[in-house]
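# Breakdown of the fold
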Amino acid sequence: MLNTLTLLVTLTLMTLWLVRRTIAQPLSRLVTGVRALGRGELAYRIVEDPSETELAELAREFNSMASSLEATGARLMREGEERLELERRLRESEKMAAIGKLAAGVAHEIAAPLNVISGRAEMVLKRQPEPPERDRNLRIIVEQIGRITTIVKNLLDFARRRQPDLHRIDVCAVLDGVIEFLDTELERAGVTLTRDERRPAWVRGDPDLLHQVFANLILNAVQAMEAVDGERRLAVRVRPGDSGGEWTTIEVRDTGPGIPESVRGHLFDPFVTTKPNGTGLGLAVARGIVEEHAGRLEASPAETAHGSVFRLVLPAADVTEAARG
Ligand SMILES: Nc1ncnc2c1ncn2[C@@H]1O[C@H](COP(=O)(O)OP(=O)(O)OP(=O)(O)O)[C@@H](O)[C@H]1O
Ligand SMILES: [Mg+2]
């Protein structure tokens, strides 16, 4: 009886040991492997058992799946890096093309005043004219140097634009500052200003850079209206919370002759100008600044019959701030 009992206990213990060795341990190794894969450790492999059991087969299958996962992961990573590199090269070549275009524009813009300067300087040197004639030539030289200085200054503004320092600001307060800054120009040109705005109009913006944008738009409007004899009216309209509160729209409308046909469609490109002393950089700088504010600046061609309308759309501050938490 005792012997039978001992035999039974021994058999049970041996069965348990066998179950543990052939089922529980391989299963636990499999679970550890699955967990490691789950953590992204794609190089993890289970120690394989050379036997022909189903669990040993499962472990081999697991390892081969892990190998193909690892290879796929590496391939995806490589492809991602290649795509990034391709995009970087594309951006670089676009930038080089833009710089080339800009350099050609600069050369063209500066060539005319340089010709005048060298022509006049040569004339003064050769003929040694008397004071009135000499002074007239020297004045022309100084004027043309001034023109080159303006081109270079505006170009630097365009090229070395700093990143906007964004704050929650009332765009109407920025407009107050610009209008005060330009009041002599407005008065001298006999321009009547009307303002229609819902105050305050909060946007996320850089007040100094937005000042530059509004000053460019208003100066353009004043210069355009100088060409008309009739009423010269500048209307500024601010609408906070357009499109479900996400955008603030600012409109600058004038009663000038409208955008000249010859520059429509490329108004915002650098060096596009119809003015004898213009550099054609004002709107290019303005659009660049607005885009860095994640906004839009456009002229409304449909409404140019009675002057021009420039519309600026900026992200409203409250929404942006809520989205940022
Ligand atoms: N309000 C407007 N009405 C009519 N035409 C405009 C108006 N604003 C801009 N334009 C046209 O767009 C052109 C480009 O304007 P932009 O401000 O870029 O350069 P610019 O005014 O000619 O030169 P700068 O700004 O360097 O003095 C102008 O020369 C003008 O023909
Ligand atoms: Mg201008």
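Predicted model, so just to flag it, every value in this text is computed and none were measured. (Residues numbered from 1 in each chain as written. Chains lettered and ligands numbered in written order. Predicted model: local features only at pLDDT ≥ 70, side-chain atom pairs only at ≥ 80, totals over all residues. Heavy atoms only, no water.)

### A short note on the site of ligand 1
In the neighbourhood of ligand 1, 22 residues make up the surrounding shell, with Asn-220, Thr-273, Thr-274, Lys-275 and Thr-279 lying closest. Here a nitrogen atom of ligand 1 and a side-chain polar atom of Asp-254 are 2.9 Å apart. Taking Leu-283, its main chain carries an N or O atom lying 2.8 Å from an oxygen atom of ligand 1. Contact with the protein chains covers 92% of the free accessible surface of ligand 1, which is 590 Å². In terms of residue count, helix α6 (residues 207-225) provides more of the shell around ligand 1 than any other element does, three residues in total. Here the shell around ligand 1 is composed, by residue class, of 10 nonpolar, 10 polar and two charged. (Near = heavy atom within 4 Å. Polar contact = N/O pair within 3.5 Å; in protein donor to acceptor, adjacent residues only side chain to side chain. Areas by Shrake-Rupley, 256 points an atom, 1.4 Å probe, with all protein chains shown as cover. Helix = DSSP H or I, 4+ residues; strand = E, 2+ residues; numbered from the N terminus. Nonpolar A, V, L, I, M, F, W, Y, C, P; charged D, E, K, R; others polar.)

### Examining the packing of aromatic side chains
Considering all chains together, one arrives at one aromatic pair under this definition. Ring centres 6.4 Å apart and planes at 75° place the aromatic pair Phe-268 and Phe-310 in the edge-to-face group. Separated by 42 residues along the polypeptide, Phe-268 in the loop between β5 (247-254) and α8 (282-292) and Phe-310 in strand β7 (residues 309-315) bring together distant segments of the chain. On the basis of relative accessibility, which here comes to 13%, the residue Phe-268 falls in the buried class. Note on Phe-310: relative accessible area 8%, which makes it buried. Above the ring of Phe-268, the side-chain terminus of Arg-287 is found at 3.8 Å from the ring centroid. Directly above the ring of Trp-247 sits Arg-296, whose terminal nitrogen or CZ lies 5.8 Å from the centroid. (Phe/Tyr/Trp six-rings, centres within 6.5 Å; stacked < 30°, edge-to-face > 60°. Buried < 20%, exposed > 50% of the residue type's maximum accessible area, 1.4 Å probe, protein only. Lys NZ or Arg CZ within 6 Å of the ring centre and 35° of its normal.)

### What to know about the domain arrangement of the protein
Its domain assignment divides the protein into domain 1 (2-75), domain 2 (92-159) and domain 3 (167-324). For domain 1 and domain 3, the distance between their C-alpha centroids amounts to 72 Å. (Domains from an automatic or database assignment.)

### Considerations on a nonpolar patch on the surface
On the surface, Leu-2, Leu-5, Val-9, Leu-13 and Leu-16 cluster together into a nonpolar patch covering about 520 Å² of accessible area. Structurally, Leu-2 can be placed in helix α1 (residues 2-38). (Patch = residues over 30% accessible without salt bridge, like charges linked within 9 Å, V, L, I, M, F, W, Y side chains within 5 Å. Salt bridge = Lys/Arg side-chain N within 4 Å of Asp/Glu carboxyl O.)

### Concerning the pairing of β5
Counting buried residues along β5, six of its eight residues qualify, which places the element largely inside the surrounding structure. Here β5 runs beside β7; their pairing, made up of seven bridges, is antiparallel. Residue Glu-251 lies in a different strand from β7, and its bridge partner there is Arg-311. (Pairing = 2+ DSSP bridges.)

### Notes on helix α4 (residues 171-181)
The set of residues buried in α4 consists of Val-171, Cys-172, Val-174, Leu-175, Val-178 and Ile-179. The buried residues of α4 occupy one face: seen down the axis, they fall within an arc of 150°. Counted as exposed and oriented over 90 degrees from the buried face of α4: Glu-180 and Phe-181. Two or three places before Cys-172, at the start of α4, stands the capping residue Asp-170, its side-chain oxygen 3.0 Å from that residue's backbone nitrogen. (Arc of directions from axis to C-beta.)

### Observations regarding the packing of α6 against α8
α8 packs onto α6 with a crossing angle of 145° between their chain directions and a minimal axis gap of 9 Å. The handedness of the crossing between α6 and α8 comes out as left-handed. Two secondary-structure elements touch here, α6 through Leu-209, Gln-212, Val-213, Asn-216, Leu-217 and Asn-220 and α8 through Gly-282, Leu-283, Val-285, Ala-286, Ile-289 and Val-290. Taken together, the residues that form the contact of α6 with α8 break down as eight nonpolar, four polar and no charged. (Axes fitted to C-alpha atoms, helices over the stretch in contact; angles between N-to-C directions. Left-handed = near helix turned anticlockwise from the far one by under 90°. Contact = heavy atoms within 4.5 Å.)

### Regarding the packing of α4 against α6
Running from N to C, α4 and α6 cross one another at 55°; their axes reach a closest spacing of 9 Å. Classified by the angle their axes make, α4 and α6 are oblique. Here the hand of the crossing between α4 and α6 comes out right-handed. Contact residues: α4 offers Val-171, Val-174, Leu-175, Gly-177, Val-178, Ile-179 and Phe-181, while α6 offers Pro-207, Leu-210, His-211, Phe-214, Ala-215 and Ile-218. When its residues are assigned to classes, the contact of α4 with α6 shows 11 nonpolar, two polar and no charged. (Parallel < 35°, antiparallel > 145°, perpendicular 65-115°, else oblique.)

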